[in-house]
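# Structural overview
Listed below are the residues making up each chain.
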Amino acid sequence: MSKHQTTQDGWGSKLGLILAMAGNAVGLGNFWKFPYMAAGNGGGAFMIPYFIALLLLGFPIMVMEWQTGRFGGEKDEHTIGPMLYLQARQRLKPKTALKIGAISGGLCFAITLLINSYYTHIVGWTLNYSVMSFTGDYMSASVDMKDLFVNNISDPVRVFVFWIIALVLLAYVVSRGIGGGIEKWAKVMMPALYLFAIVLVVTALTTGSPKNPDWSALKGLNFVWNPDFSKLTWGGTMAACGQIFYSLSIGMGLICHFASYLKKEDDVVVSSVATVALNEFAEIILAASIVIPIGYAYLGQEVLESAGPSLTFITLPNAFRDMPLGQFFGGLWFLLLFFAGFTSSMALYSYVTKFLSEIANISQKKASWIIMGCFVLIGFPVALETILNKSGATYYFDELDLWIGQYFLLILGLIEVIVYTRFISIRQQMRLNEGALAKLPKPFFTILLKYITPLMLIIVLTAATIERINSGAMALIPKGDDGSVDPMRVFWVNLARVVMIAVFVVATIFTNRYIKRKYAGELSANVPVQE
């Protein structure tokens, strides 16, 4: 057995597994991204494609990834490239399956590395803002929140200190493995996160507006659930689908990675339901009941709708400043965000660490610290752009988030579904019912997963792409809303594209070499291998 293989590692308890999976799913996508995306896409109008995507994409792919991971773990594989190769070569010739495995592995590594390259910066921002909130740094009425935010992400000391703190903590936790690191931290952080969130929900729903009697927390909730159909677009629909993938952490290989440490008799159906339920409770009940009611009550619907990604770091602090005990509740909010971001970052970090450990045949501990260096290198442009421009513009970050946070996730999810439903037997597919208290019926596999889920992914990807091409969002020389060309915007957008393609190509090559090395015998024979 090679030294990188950690067959002794694994989950110490069912509770630890569920909390770690929930920590993987419940992250900044729930508490930071979901509220501003819902507010910016018509409130209730966004929830329509969101719930459709949850039922037709989210749950089917979630449960499929749990089984794919358990299958991979039986073969001592913990990353998605080799897993999909092992599935595809049951019906395809191994050399053809190798291409699918290599491309999938390249996509997955690019997703996990690049998301975490900017995600860890946001984790650092939340830690910084938590400190500033508890110390009252922005409570003075003379503080302009936009200037404060721009100054914070432009200050090299604050940017690098809090980012490096986050990276060092992540490297330490992941170096301790699944049971000794990730599970232990999840058991502390996740209960604390839910406790903080419940306190904030009660505070949000009992607050009144000191500025306008027409603004209230309850009207904020009505805004979330009362759809404005005029704002329902294909771009918003794709954003909703991307949000489901992003917040559930599907299409990233993370569920497969964590599930590869399951035992054969573990119930993946109940585990999937529990993971989805905890995630949606955090996103729909908690996040939507904190951010939008507070924002609506203190700032009004117009400001809430136009806030975008700045909702958490610019808009909400204005509300906390006017709230009774706002210094405490602001600190609690940003500490909640730090916990949510950190637990999700652990999963992303764990995946790329395992990838390097297997590819390079080195220990988990050594790989973890090498990966920290990779994050410093790949994440450096995120910091450099904001430090140099002093304006708060994040063109590099935004371009990566568009491609990685939406397109790559949906494309990898589509590949996974096609491989699972078309290249392994129905008997193999239904093995996910092994150990399940409630078994999924055959039509789940033969109708929903095989036809409806991939068709929906193809339609959304195609329609949203056409809409974005027509809007100029994918132009080689991107333009501003007024049609002007900013040379710095062009530079950072295209740098993000170059980095994204380079990471994908390199990871694909290394995945290809790993599979060829480990499965040389069956690749040489080039005959489908039945399980």
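The paragraphs below set out a description of the structure included in this document. Each chain has its residues counted from 1, running along the sequence as written. Per-residue local features of the predicted model are confined to residues with pLDDT of at least 70, and side-chain atom pairs are confined, for both listing and counting, to 80 or more; whole-chain, interface and lining totals are unaffected and use all residues. Side-chain numbers come from the whole structure's heavy atoms, not from hydrogens or water.

## Details of a positive patch on the surface
Operational definition: Patch membership is restricted to residues that have no salt bridge and whose relative accessible area is over 30%. Joining uses 9 Å for like charges and 5 Å for the nonpolar side chains Val, Leu, Ile, Met, Phe, Trp and Tyr. Only the protein chains shown count as cover for residues, and all accessible areas are computed by the Shrake-Rupley method using a 1.4 Å probe. We define a salt bridge as a side-chain nitrogen of Lys or Arg found within 4 Å of a carboxyl oxygen belonging to Asp or Glu. Positive charges come from Lys and Arg alone, negative charges from Asp and Glu alone, with His and the N- and C-terminal ends not counted. In this description, the location of a charge corresponds to atom NZ of lysine, CZ of arginine, CG of aspartate or CD of glutamate. Put simply, DSSP H or I for four residues or longer makes a helix, DSSP E for two residues or longer makes a strand, and each gets a number counted from the N terminus. Relative accessible area decides the class of each residue, using a 1.4 Å probe on protein chains only: under 20% of the type maximum gives buried, over 50% gives exposed, and in between gives partly exposed.
Positive charge collects at one region of the surface, where Lys-95, Lys-99, Arg-513 and Lys-516 lie side by side. Elements represented by at least two residues in the positive patch include exactly helix H5 (94–135) and helix H20 (487–518). Overall, the relative accessible area of 45% leaves Lys-95 in the partly exposed class.

## Examining a nonpolar patch on the surface
Among the surface-exposed residues, Ile-48, Ile-52, Phe-229 and Leu-232 lie close enough to one another that they form a single nonpolar patch of about 350 Å² accessible area. Mapped onto the elements, Ile-52 comes out in helix H3 (residues 44–74).

## Digging into the packing of aromatic side chains
For clarity, the threshold we go by: Here is the rule: rings of Phe, Tyr and Trp (six-membered ring for Trp) pair when centre to centre is within 6.5 Å. Planes less than 30 degrees apart are stacked, more than 60 are edge-to-face, and the remainder are tilted.
Within the structure shown, the criterion is met by 28 aromatic pairs. Ring-pair connections join several aromatic residues into one group, and the members of that group are Tyr-118, Trp-125, Tyr-129, Tyr-138, Phe-149, Phe-313, Phe-334 and Phe-397.

## Some thoughts on the side chain of Gln-67
Our working rule: In protein, a polar contact means a hydrogen-donor-capable atom and an acceptor-capable atom, both N or O and within 3.5 Å, with residues adjacent in sequence counting only if both atoms are side-chain atoms; elsewhere, any N or O pair within 3.5 Å suffices. Here a residue-residue contact requires only that any non-hydrogen atoms of the pair lie within 4.5 Å.
Counting through the fold element by element, Gln-67 comes out in helix H3. By relative accessible area, Gln-67 is classed as buried at 3%. Looking at Gln-67, its side chain comes within polar contact range of the side chain of Arg-70, at 2.9 Å. Those residues in contact with Gln-67 that lie beyond four places of it in its chain are Tyr-420, Arg-431 and Leu-432.

## Let's talk about unusual backbone geometry
Positioned with a positive phi, Ser-249 is a non-glycine residue whose angle comes to about 60°. Within the secondary structure, Ser-249 is located in the loop between helix H10 (234–248) and helix H11 (254–259).

## Side note on the packing of helix H17 (residues 395–422) against helix H19 (residues 442–471)
Going by this rule: Orientation is described by lines fitted to C-alpha atoms, with helices fitted over the stretch in contact, and by angles between N-to-C directions that extend from 0 to 180 degrees. If an angle is under 35 degrees, it is roughly parallel; if it is over 145, roughly antiparallel; if it lies from 65 to 115, roughly perpendicular; otherwise it is oblique. Definitions for this section: a left-handed crossing has its near helix turned counterclockwise from the far helix by less than a right angle. A right-handed crossing has that turn clockwise. Just so you know the grouping, Ala, Val, Leu, Ile, Met, Phe, Trp, Tyr, Cys and Pro go in nonpolar, Asp, Glu, Lys and Arg go in charged, and all remaining residues, Gly too, go in polar.
One way to put it is that H17 packs onto H19 with a least axis distance of 10 Å and a crossing angle of 150°. The angle between H17 and H19 places the two elements in the roughly antiparallel class. Considering the relative orientation of H17 and H19, their crossing is left-handed. Of H19, the residues touching H17 (which contributes Leu-402, Gln-406, Tyr-407, Leu-410, Ile-411, Gly-413, Leu-414, Val-417, Tyr-420, Thr-421 and Arg-422) are Leu-449, Lys-450, Tyr-451, Thr-453, Pro-454, Leu-457, Ile-458, Val-460, Leu-461, Ala-464, Thr-465 and Arg-468. When the residues that make up the contact of H17 with H19 are grouped by side-chain class, the tally is 15 nonpolar, 5 polar and 3 charged.

## Details of the side chain of Asp-401
Structurally, Asp-401 can be placed in helix H17. Those residues in contact with Asp-401, other than ones at most four positions away along the chain, are Lys-33, Tyr-118, Tyr-246 and Gln-406.

## Examining the nonpolar core
We count it as follows: In this text, buried Ala, Val, Leu, Ile, Met, Phe, Trp, Tyr and Cys residues form a nonpolar core when linked through side-chain atoms within 4.5 Å.
Counting residues in hydrophobic clusters, the biggest one holds 167 residues, and the most contacted among them are Phe-31 and Trp-333. Not counting chain neighbours up to four residues away, the residues in contact with Trp-333 comprise Phe-31, Leu-200, Ile-290, Val-291, Thr-312, Leu-316 and Phe-320.

## A word on H3
Rules: Each helix should span, by expectation, one fewer than its residue count multiplied by 1.5 Å. To obtain the bend at a residue, axes are fitted to the seven residues ending there and to the seven starting there, and the angle between these axes is taken.
The terminal C-alpha atoms of H3, which comprises 31 residues, lie 43 Å apart, in line with the 45 Å expected from a rise of 1.5 Å per residue. The axis of H3 is deflected most strongly, by about 45°, at Leu-54. Here H3 lies mainly inside the structure; 23 of its 31 residues are buried. At the C-terminal side of H3, Asp-76 shows a positive phi close to 60°.

## Some thoughts on the pattern of salt bridges
One pass over the full model with this rule turns up 6 salt bridges. Ionic pairing is found between Glu-77 and Lys-518, a salt bridge with its closest N-O pair at 2.9 Å. Linking Glu-77 in the loop between H3 and helix H4 (80–88) with Lys-518 in helix H20, this pair joins segments that are 441 residues apart in sequence. Look at Glu-77 and you get buried, because its relative accessible area is 0%. Of the residues examined, Lys-518 reaches a relative accessible area of 32% and is grouped as partly exposed.

So far we have only geometry, and geometry alone does not tell us how the molecule works.
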